[in-house]
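The primary structure of each chain is shown beneath.
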Amino acid sequence: MKRYGWLLILLIYQAPGFAQQAAAPEDSLKASDFATVQEAYDALIADPSATQSEVDGWTIFNQKADGKYIIWSFTPIDHPVHPSAVRREVVKKDGEVYISMDALCQANRFDCDQLIEQFKQINQNLQRRLAADSGS
C-alpha cells in the first residue's frame, strides 16, 4: 500500500442529535497528541486507567473520565489502513448523546477516508442505541 505520510486525519463528527459540547477534558489524550499510531498505543498501554481488550483482531482501549467514555480502536495488522487508530469520546448530557472522534491514519488518503466513513456509521448506530436505552 502506497504511503503518503498522511499521519493524521482530525475529524470532529456530528450527526443529528450530536453537539459540540462534547469537548474532551483537558487532561485526556487525543489522537492529535501523537505523531504516530505506535506512540498512541504505547501511551495507552502505560496508562493504568485504560482497559485493553481484543475484538475481531482490533485492539480496543476503554477509559472513563469525568462522565465521558473514551474508546480507542486500533486496526488489526491485516487491515488495509494498518496502522491506524480511531479515538471516540461518548458523553450523555441532558438526555442527548454526544460523540467526538479523531483518528491517526498512516495509510493513503482514500483508505483513511473509508475508515472514517465506517466509524461514522458505527457512531450513528451507537448514538441511536444509547438514545433508545435512555428512553427505556
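Look up: the structure comes first, before these words.
Parameters at a glance
- Residues numbered from 1 in each chain as written.
- Predicted model: local features only at pLDDT ≥ 70, side-chain atom pairs only at ≥ 80, totals over all residues.
- Heavy atoms only, no water.
- Disulfide = S-S within 2.5 Å.
- Buried < 20%, exposed > 50% of the residue type's maximum accessible area, 1.4 Å probe, protein only.
- Phe/Tyr/Trp six-rings, centres within 6.5 Å; stacked < 30°, edge-to-face > 60°.
- Helix = DSSP H or I, 4+ residues; strand = E, 2+ residues; numbered from the N terminus.
- Arc of directions from axis to C-beta.
- Contact = heavy atoms within 4.5 Å.
- Salt bridge = Lys/Arg side-chain N within 4 Å of Asp/Glu carboxyl O.
- Core = buried A, V, L, I, M, F, W, Y, C linked by side-chain atoms within 4.5 Å.
- Pairing = 2+ DSSP bridges.

K.L.:
Go over the state of the cysteines, please, and point to the residues and values.
P.N.:
Applying the stated criterion to the full structure yields one disulfide. Here Cys 105 engages in a disulfide with Cys 112; their sulfurs sit 2.0 Å apart. For the disulfide bridge between Cys 105 and Cys 112, the dihedral angle about the S-S bond is near -85°, and by the sign convention the bridge is left-handed. Accessibility assignment for this pair places Cys 105 and Cys 112 in one class, buried.

K.L.:
Any chance you could break down the packing of aromatic side chains for me, citing the residues and the numbers?
P.N.:
This model, assessed by the stated rule, comprises six aromatic pairs. Taking the centre distance of 6.1 Å and the plane angle of 70° together, the rings of Phe 34 and Trp 72 count as edge-to-face. A residue pair is termed long-range when its members are at least 10 positions apart, and Phe 34 in the loop between strand S1 (8-9) and helix H1 (37-46) and Trp 72 in strand S4 (residues 68-74) qualify at 38 residues. Note on Phe 34: relative accessible area 12%, which makes it buried. An angle of 15° between the planes, with centres 6.1 Å apart, marks the rings of Trp 72 and Phe 74 as stacked. Taking relative accessible area as the criterion, Phe 74 reaches 4% and is therefore assigned buried. These aromatic residues form a ring-pair network of at least three members: Phe 34, Tyr 41, Phe 61, Trp 72 and Phe 74.

K.L.:
Please provide a residue-by-residue account of unusual backbone geometry, values included.
P.N.:
Note the cis peptide between His 82 and Pro 83, where omega equals 0°. With respect to the element layout, Pro 83 can be found in the loop between S4 and strand S5 (84-93). One non-glycine residue, Asp 56, lies in the positive phi region at around 50°. In this structure, Asp 56 sits in the loop between strand S2 (51-55) and strand S3 (58-65).

K.L.:
Let's hear about H1: which residues, and what values?
P.N.:
When we look at burial in H1, the residues that qualify are Val 37, Ala 40 and Leu 44. With its buried residues spanning 65° around the axis, H1 presents them on a single face. On its buried side, H1 packs onto S3, S4, S5 and strand S6 (96-105).

K.L.:
Residue-level account of the pattern of salt bridges, with values.
P.N.:
The full count for this structure, using the stated rule, is three salt bridges. The salt bridge partner of Asp 113 is Arg 109, with a shortest N-O separation of 3.8 Å. Taken as a pair, Asp 113 and Arg 109 lie in helix H2 (residues 109-135) at a separation of four residues, close to a single helical turn. The exposure class of Asp 113 is partly exposed, given its relative accessible area of 33%. Lys 120 is paired through a salt bridge with Glu 117; the nearest N and O atoms lie 3.1 Å apart.

K.L.:
Go over the nonpolar core with me, naming the residues and quoting the values.
P.N.:
Membership of the largest hydrophobic core comes to 18 residues, with the highest contact counts inside it found for Val 86, Val 90, Leu 115 and Phe 119. Those elements that provide at least two residues to this core are S3, S5, S6 and H2. Sort the elements by how many residues they give to this core and H2 lands first, with six residues.

K.L.:
Give me the pairing of S4: which residues, what numbers.
P.N.:
In terms of residue burial, S4 counts as a mostly covered element, since six of its seven residues are buried. Where S3 and S4 come together, seven bridges link them in antiparallel fashion. From the neighbouring strand, Phe 61 faces S4, where its bridge partner is Trp 72. Taking the residues that link successive antiparallel strands as the turn, the S3-S4 hairpin has two residues, and the phi of Asp 66 there is positive, at about 50°.

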